[in-house]
Amino acid sequence: MAMWKVTPKHWYSWEFAVTDDLGQDVGEVRVSSWWNRGTVVAGCVEHKVSRDRLLGGAFVLRGADAPIARAVGRSAYRITIVIVWEEKRYFLHARSTLRREFGFWDGEKEVGSVVPVRAFSRAARAELPDDLPLVVRLFAVWLAEMFWKRGYQSHW
């Protein structure tokens with residue numbers, strides 16, 4: 001499992017460069033200024049993320065011709081996001097209501113994480129299973145950043 005650095009491209013934006021522990025580009029995640037939209041760039045391929053009301057409000061990661069993965073929130077008081085890829089379910093689960101850390105779960109086992117580097121930073125570290133496609137791992141990072149953005153905006 002590789003460690004990724006997720007770094008804001010500008011101090012004012014919600015666009016992030018994702019690099020591996022050697023500093024090599026992995027991709028980008030962009031949380032749109034419009035609610036519930038964004039982009040995940042894996043390699044040179046751009047994938048759109050949007051909320052689909054027909055799928056119960058799920059966030060859908062779309063490829064060129066079909067959805068790749070979807071995510072839907074679960075839980076009333078602590079954020080849990082169910083990510084479905086090829087009918088397999090993974091969980092991005094807030095570790096605490098007070099801290100902005102997400103554990104990435106495969107069933108009953110925590111297999112990764114997306115955590116901020118400091119308390120009030122938008123930069124993060126991500127460790128996600130290598131057996132998932134790159135675009136699905138970047139989608140998990142996008143989801144964490146999107147929920148963090150919502151948290152920032154709710155305080156202003």
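Residues numbered from 1 in each chain as written. Predicted model: local features only at pLDDT ≥ 70, side-chain atom pairs only at ≥ 80, totals over all residues. Heavy atoms only, no water.

Chemist: Would you explain the environment of Val26 in this entry?
Modeler: As for its placement among the helices and strands, Val26 is situated in strand E3 (residues 25-31). A relative accessible area of 13% means that Val26 is categorised as buried. Once the C-alpha coordinates of Val26 and Cys44 are considered, the two residues, 18 residues apart in sequence, prove to be 10.0 Å apart. Here Val26 is in contact with Trp4, Val18, Thr19, Asp20, Val41, Ala42, Gly43, Leu134 and Leu138, once residues within four sequence places are set aside. (Helix = DSSP H or I, 4+ residues; strand = E, 2+ residues; numbered from the N terminus. Buried < 20%, exposed > 50% of the residue type's maximum accessible area, 1.4 Å probe, protein only. Contact = heavy atoms within 4.5 Å.)

Chemist: How should I be thinking about the side chain of Ser113 in this particular structure?
Modeler: With respect to the secondary-structure elements, Ser113 resides in strand E11 (residues 109-116). A residue is classified by how much of its surface remains accessible, and Ser113, at 9% relative accessible area, is buried.

Chemist: I'm lost on the packing of aromatic side chains in this one. Help?
Modeler: What characterises a pair of aromatic rings is the spacing of the ring centres plus the angle enclosed by the ring planes. For the structure shown, the criterion picks out six aromatic pairs. Aromatic side chains Trp14 and Phe16 sit 5.9 Å apart centroid to centroid with 65 degrees between the ring planes, which places their arrangement in the edge-to-face category. Across this residue pair, the class does not change: Trp14 and Phe16 are buried. With 5.5 Å between their ring centres and 20 degrees between their planes, Tyr90 and Phe104 make a pair best called stacked. Placement of Tyr90 in strand E9 (residues 88-94) and of Phe104 in strand E10 (residues 102-106) is noted, with a sequence separation of 14 residues between them. With relative accessibility at 6%, the residue Tyr90 sits in the buried group. One aromatic cluster is present, formed by Phe59, Phe139 and Trp142 through successive ring pairs. The ring of Tyr90 carries the charged tip of Lys88 above its face, separated from the ring centre by 5.4 Å. (Phe/Tyr/Trp six-rings, centres within 6.5 Å; stacked < 30°, edge-to-face > 60°. Lys NZ or Arg CZ within 6 Å of the ring centre and 35° of its normal.)

Chemist: I tried to follow the pairing of E3 on my own but got confused; where do I start?
Modeler: On any regular strand, side chains alternate: one points to one face of the sheet, the next to the other face. The element E3 is largely enclosed, with a buried count of five among its seven residues. Across five bridges, the pairing between strand E2 (residues 15-20) and E3 is antiparallel. Counterpart to Thr19 in the pairing with E3 is Asp25. Connecting the antiparallel pair E2 and E3 is a turn made up of four residues, with Gly23 showing a positive phi of about 85 degrees. A loop of five residues connects E3 with strand E4 (residues 37-42), the two strands running antiparallel in sequence, and Asn36 in this loop sits at a positive phi of about 65 degrees. (Pairing = 2+ DSSP bridges.)

Chemist: What is the right way to read the confidence of the model for the protein from this model?
Modeler: When pLDDT is averaged along the protein, the result is 89, and 92% of the positions lie at 70 or above. At the level of individual helices and strands, the protein shows its lowest average pLDDT in helix H1 (residues 134-154), which scores 84, and its highest in strand E12 (residues 124-127), which scores 97. (pLDDT = per-residue confidence, 0-100.)

Chemist: Help me out: how do you make sense of the nonpolar core in this one?
Modeler: Core analysis: the largest hydrophobic core is formed by 40 residues, its most contacted members being Ile83, Phe102, Phe139, Trp142 and Leu143. Here this core gets 12 residues from one element, more than from any other, and that element is H1. Apart from the residues within four sequence positions on either side, Trp142 is in contact with Val29, Arg30, Val31, Arg37, Gly38, Thr39, Val40, Val49 and Phe59. (Core = buried A, V, L, I, M, F, W, Y, C linked by side-chain atoms within 4.5 Å.)

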